[in-house]
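# Tertiary structure, described
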Amino acid sequence: MTMTCYVAGTPVQSDSILEVKSPYDNRVVGTVTLANASHVEQAIQAGLKGGKALTRYDRFSILDKARQLLVARKDQFAQTISAESGLAIREANYETGRAHDVLLFAAMESLKDDGQIFSCDISPQGKARKIFTLREPLALAACITPFNHPLNQVVHKLAPALAVGTPVILKPSEKTPLTAILLTELLYEAGLPHYMLSTLLGPTNEIAEPLVKDPRIDIVSFTGSVAVGKRIAASVGYKKVILELGGNDPLIIMEDADMDTAVHLAAEGSFRNSGQRCTAVKRILIHEKIKDVFLEKFLQKAKTYNCGDPADPETRVGTVIDEPAAIYLETVVNKAVEQGAKVLLGGKRRGALLEPTVIDNVPRDAEMIVHESFGPLAPILTFKDIDDAIALSNATAYGLSSGIVTHNMDYALRFIKELKVGTVNINEVPGYRIESSPFGGIKDSGLGIKEGVIEAMKCFTYVKTFSLPW
């Protein structure tokens, strides 16, 4: 695939070319012509200059047409996702379905009006007036996306912004740029005015940093690592910022848990998407009374998650994003073993392929427990009671999501009230949501500002009020 960045629909021309290689076999999947600082300035000017204002129906039509085009080209998108990221093709197919939902919900929401009316004659100081609210789009947004979910992470930024009429400059990950550019071209084809979207990749000091710092940009929406997110927060200046950062999500299995449910959720949560989700199960916390029974069944389940060629429909776990990432994961497993943990399954690495790995007796201060481990690892820790489970869950710097396996309503309510996270899912994986529901974390997982289609649409707008005699 020979691709290029775009400045408001115009292909970028430069001598700087990025080669995108498969993490699985290191073949060149495609090339991208990169942008530079001058293209950033052109993109900003084009977005601010604007063009024909889009009605609600215009925005609906564009997003719905994009949805239809995505359905027609789902195989192409899935194959591109798998090739450039190393994700199993079954995961890439699932991701195109999720992206379809984002476009569907954004199109639907673009037709709605959440304006409010306030009567002013409701107090002794009141008047015979009414105050009305409406939403106005922001002038320009910068959206920065990571390598995991190369399609869905991008569409979760673009669709809500376009649904409210806010122009976007997109900076996708250099590790997975091909899918983002395919989506950019698809949106242009769906009728999106070119000024509404520019997609740029290039050196950080020429692309990302100027976008973050430029005062003409009203909002920066970033999904990625904690370290980069905090650097953005420190340098973004006087503008809105959305930070969706890492997660260290627990699956907490109580002594009354349905064992089949617990085993299924632990395996799906730990190994799907090669464990490369901020909402993946990063810690399996299990009541000490049932650990042995759980482990026996979990190991049998984990053996069914075969690791191999991402293009093979039978493969359940592809690569992580690159070999250095796999080496890091291998290192944290070895460190845990040195502290007394025991690898019960997997752990072998070949290039960027890392087998789904089950590790028992992991110390609570192990690196893979304290920090986010972005891969197919299933660390097992025990707790003695619900107080211990809550304390253990809350002991990390992260606060994104959690899953609880229990039939005890008292337990469920305590977890909902006491876990310091953005989401608590009962008898479900931490990552469960629909694409329009609020999503986001606290602590080092984010600032508590939610995404999801509806909340993101609010973020990409401001509320204007006006009043009239009544």
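Residues numbered from 1 in each chain as written. Predicted model: local features only at pLDDT ≥ 70, side-chain atom pairs only at ≥ 80, totals over all residues. Heavy atoms only, no water.

## Quick word on the sheet that holds strand β7 (residues 129-137)
Filter applied, for reference: At least two DSSP bridges between two strands are needed for those strands to be called paired. By the criteria applied, helices consist of DSSP H or I runs no shorter than four residues and strands consist of E runs no shorter than two, each listed in order from the N terminus. Working convention: axes come from line fits to C-alpha atoms, limited for helices to the stretch in contact. Angles between N-to-C directions cover 0 to 180 degrees.
Strands sit in the order β6-β7-β24 across an open sheet of three strands; the sheet is antiparallel. With partners counted over all chains shown, the strands left at the sheet margins are β6 (117-119) and β24 (461-469), one partner each. Between one strand axis and the next, the sheet turns through 25° on average, direction left out of account. With nine bridges connecting them, β7 and β24 associate as antiparallel partners. Bridged to Pro137 within β24 is Thr461.

## Things to note about the layout of surface pockets
Applicable threshold: A cavity here means a set of 1 Å grid points, computed over protein atoms only, where a 1.4 Å probe fits but cannot escape. A pocket is an open set with protein on both sides within 12 Å along at least 5 of 7 lines, and lining residues have an atom within 4 Å of a point. Grid points are joined across faces, edges and corners, and a volume is the space filled by probe spheres set on the points. Gly falls in the polar group here, along with every residue not listed as nonpolar (Ala, Val, Leu, Ile, Met, Phe, Trp, Tyr, Cys, Pro) or charged (Asp, Glu, Lys, Arg).
Taken as a whole, the largest pocket encloses approximately 880 Å³ of empty space. Residue lining of the largest pocket: 34 residues in total, with Phe222, Thr223, Gly224, Ser225 and Val228 positioned closest to the centre. Listed by contribution, the elements that provide at least two residues to the lining of the largest pocket are α7 (208-213), β11 (219-223) and α8 (226-235). With five residues, the top contributor of residues to the lining of the largest pocket is α8. Residue classes in the lining of the largest pocket are distributed as 14 nonpolar, 11 polar and nine charged. In this structure, the second largest pocket encloses a volume near 660 Å³.

## Focus on the sheet that holds strand β5 (residues 28-33)
The test is simple: Should any heavy atoms of two residues lie within 4.5 Å, those residues are considered in contact.
Taken together, the three strands give an open sheet; going across it, the order is β1-β5-β4, and neighbouring strands pair in mixed fashion. Because the sheet does not close on itself, it has two edges, and the strands there are β1 (2-4) and β4 (17-21). Recorded for the sheet is a direction-independent mean angle of 25° between the axes of neighbouring strands. In this sheet, β5 lies alongside β4 in antiparallel orientation, the contact comprising five bridges. Among the inter-strand pairings, Lys21 is bridged to a residue of β5, identified as Val28. In the packing of helix α6 (residues 177-189) onto the sheet, contacts are made with β1, β4 and β5, and the angle to β5 comes to roughly 60°.

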